[in-house]
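# Understanding the architecture of this molecule
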Amino acid sequence: MENLYTLIMAGGSGTRFWPRSKTERPKQYLNIFGEKSLLQDTIERFSGFTVTENIYVVSSVSQQVVLEEQTPMLPKANLIYEPVGKNTLPCIGLAAMYVENENSEAVMVVSPSDHLIHNNELFRDTILAAVKIAEERDGIVTIGISPSYPATGYGYVQTSENITGGEKIKQFRVERFVEKPNDETALEYLNKGGFYWNSGVFVFKVSVFLKAVEEFAPSLHADLRKIQSSIGTPDSAKMLDSIYRSVQSVSVDYGIMEHARNIYLVEGNFDWNDLGSWESVYLADKKDEQGNAGSGDVLFLNTKNSFVYAEDKNAVAVVGLENIIVVKEGNTVLVCKRDHAEDIKKIVEKLKAKHKNQYL
């Protein structure tokens, strides 16, 4: 598997995980479950079938200290820092330029850094099935999660022709990518079948992907080639900073996947949770008889279906409440209803607007 590379995207701000997620240590660097951070778990997952020398991480320059602190297992040359976030297409394209410089025959797996995945063996088999399609069909492959309920928080992928053949894991051509639906449409997708949640995991030959960037985002492609020409030179950081700041901010879904014709999907049936909010953590966590979950010194009395996180040397007690989230971290405390967990990012926006940086 010497041609197999992994890109882990780790530049997000994780504002829905405030107050644990802060500017200098966002969500992906937190140990939400277990001793290791989500990023470290992701690296370990891919290390099972990718040599560590072939694992790259793209992050924000503001996260350099914590990233290097958490990735002693990776070569420092594999840590790429965006001077400013520009969404997923420039991020992936930038990493593809680095990988192409090293190996023009590379097949690259792209993954978020902050997902919770169990069944690592099934995950590996699913990725390797996608690698086979990428190699044999010159396809850009996405991993689609089989929907278990009519979710409105995910984008969907509609499949067409079944190309599974004799393979163990189902595989399809992709008809289209669709935006996050409303309740009615999500239920329609679930009942109709053939729709999958968009996991944000992609597999492709670097050469095939860069051709797609050249076709569908030519100005971005030209800018990335300029950056590539300076990689390994004394001017590399300066060139990256001056060019990357001006590139268009666009998602890989919108920029490539909605336009390319060689798109395929491999069905992902491993346990998956994108951990998009504290509500996602509550749903994934173990619960007591009253439906409560959490970690730290937490006391529940006449309380149901709630989640509490208390940092070390702090105790949090909740009395007579239902369906709430409480998070105590440093000089900040969050209390909200579970069905308002998505709105936590608005609190971060308010704190920024008021220049309350000591809480961010």
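To be clear, the structure that these remarks concern was listed above.
Model, not experiment: these values are computed from the prediction.

## Section: the overall build of the protein
- Counting secondary structure elements, the protein contains 11 helices and 17 strands.
- Here the C-alpha atoms of the protein give a radius of gyration of 21 Å, agreeing with the 21 Å that 2.2 N^0.38 yields for 360 residues.
- The 360 residues of the protein split such that 52% are buried.
- For the protein, restricting intrachain contacts to residue pairs at least 6 apart in sequence, the fraction spanning at least 24 positions comes to 67%.
- Carbon and sulfur atoms provide 47% of the accessible area of the protein, an area that totals close to 17200 Å².
- Counting 38 positive and 48 negative side-chain charges, the protein places the centres of these two groups 4 Å from one another.

## Quick word on the environment of Gly-193
- Mapped onto the elements of the fold, Gly-193 is located in the loop between helix H5 (183–192) and strand S9 (195–205).
- In this structure Gly-193 comes out as partly exposed when scored by relative accessible area, which is 34%.
- Separated by 142 residues in the primary sequence, Gly-193 and Val-51 place their C-alpha atoms 37 Å from one another.

## Description of the nonpolar core
- Residues Leu-7, Leu-89, Ile-92, Met-108, Ile-140, Phe-209 and Ile-256 are the most contacted members of the largest nonpolar core, which totals 47 residues.
- At nine residues, helix H3 (residues 88–102) tops the list of elements feeding residues into this core.
- Residues Leu-39, Leu-67, Phe-123 and Ala-151 belong to the second largest nonpolar core, which totals 44 residues.

## A word on the pairing of strand S7 (residues 156–162)
- Relative to strand S8 (residues 171–178), S7 runs antiparallel, the two being bridged by five bridges. Counterpart to Val-157 in the pairing with S8 is Phe-177.
- Looking at chain direction, S7 and S9 are connected through three bridges and run antiparallel. Each bridged residue has a counterpart across the sheet, and for Gln-158 the counterpart in S9 is Phe-195.

## Observations concerning the side chain of Asp-274
- Among the structural elements, Asp-274 can be located in the loop between strand S11 (272–273) and helix H10 (278–284).
- Despite its burial, Asp-274 remains without a salt bridge, the nearest opposite charge being carried by Lys-27 at 6.3 Å.
- Side-chain polar atoms of Asp-274 contact the side chain of Tyr-154, separated by 3.3 Å.
- In contact with Asp-274, other than residues within four places in its own chain, are Lys-27, Asp-114, His-115, Tyr-154 and Ser-280.

## Re the sheet that holds strand S16 (residues 324–329)
- Pairing is mixed in the open sheet, where four strands are placed in the order S12-S14-S16-S17. Two strands lie at the open edges of the sheet, namely strand S12 (293–295) and strand S17 (332–337), each paired on one side alone. Adjacent strand axes in the sheet meet at a mean angle of 5°, parallel and antiparallel pairs treated alike.
- As paired elements, strand S14 (residues 307–310) and S16 share four bridges and run parallel to each other. Bridge pairing in S16 links Phe-307 to Ile-325.

## Here's the deal with the environment of Pro-90
- Topologically, Pro-90 is positioned in helix H3.
- The class of Pro-90 is buried, set by a relative accessible area of 0%.
- Sequence spacing of Pro-90 and Val-247 is 157 residues, and the spatial spacing of their C-alpha atoms is 7.6 Å.
- Contacts of Pro-90, omitting those with residues within four sequence positions, involve Leu-220, Leu-224, Tyr-244, Val-247, Gln-248 and Val-250.

## Here's the deal with the layout of surface pockets
- Of the pockets and cavities examined, the second largest pocket occupies roughly 360 Å³.
- Contributing elements (two or more residues each) for the lining of the second largest pocket: H10, S12 and S14.
- With three residues, S14 is the single largest residue contributor to the lining of the second largest pocket.
- Within the lining of the second largest pocket, the residues separate by chemical class into seven nonpolar, six polar and eight charged.

## What to know about the packing of helix H7 (residues 218–230) against helix H8 (residues 236–244)
- Their axes nearest at 8 Å, the elements H7 and H8 cross at an angle of 170°. One element, H7, and the other, H8, form an angle in the roughly antiparallel class. Contacts between H7 and H8 involve Asp-223, Lys-226, Ile-227 and Ser-230 from the former and Ser-236, Met-239, Leu-240, Ile-243 and Tyr-244 from the latter.
- Residue classes in the contact of H7 with H8 are distributed as five nonpolar, two polar and two charged.

## Points about the packing of H3 against helix H6 (residues 206–216)
- The contact between H3 and H6 brings their axes to 10 Å, and the two run at 135°. Considering the angle they form, H3 stands oblique to H6. At the point where H3 passes H6, the crossing takes the left-handed sense. Here Leu-89, Ile-92, Gly-93, Ala-96, Met-97, Val-99 and Glu-100 of H3 lie close against H6, whose contacting residues are Val-206, Phe-209, Leu-210 and Val-213.
- Considering only residue class, the contact of H3 with H6 consists of nine nonpolar, one polar and one charged.

The rules behind these values
- Residues numbered from 1 in each chain as written.
- Predicted model: local features only at pLDDT ≥ 70, side-chain atom pairs only at ≥ 80, totals over all residues.
- Heavy atoms only, no water.
- Helix = DSSP H or I, 4+ residues; strand = E, 2+ residues; numbered from the N terminus.
- Rg over C-alpha atoms; globule rule 2.2 N^0.38 Å.
- Buried < 20%, exposed > 50% of the residue type's maximum accessible area, 1.4 Å probe, protein only.
- Contact = heavy atoms within 4.5 Å.
- Areas by Shrake-Rupley, 256 points an atom, 1.4 Å probe, with all protein chains shown as cover.
- Lys, Arg positive; Asp, Glu negative; His and termini not counted.
- Charge placed at Lys NZ, Arg CZ, Asp CG, Glu CD.
- Core = buried A, V, L, I, M, F, W, Y, C linked by side-chain atoms within 4.5 Å.
- Pairing = 2+ DSSP bridges.
- Salt bridge = Lys/Arg side-chain N within 4 Å of Asp/Glu carboxyl O.
- Polar contact = N/O pair within 3.5 Å; in protein donor to acceptor, adjacent residues only side chain to side chain.
- Axes fitted to C-alpha atoms, helices over the stretch in contact; angles between N-to-C directions.
- 1 Å grid on protein atoms, 1.4 Å probe; cavity = no way out; pocket = protein on both sides within 12 Å on 5 of 7 lines; lining within 4 Å.
- Points joined across faces, edges and corners; volume = space filled by probe spheres on them.
- Nonpolar A, V, L, I, M, F, W, Y, C, P; charged D, E, K, R; others polar.
- Parallel < 35°, antiparallel > 145°, perpendicular 65-115°, else oblique.
- Left-handed = near helix turned anticlockwise from the far one by under 90°.

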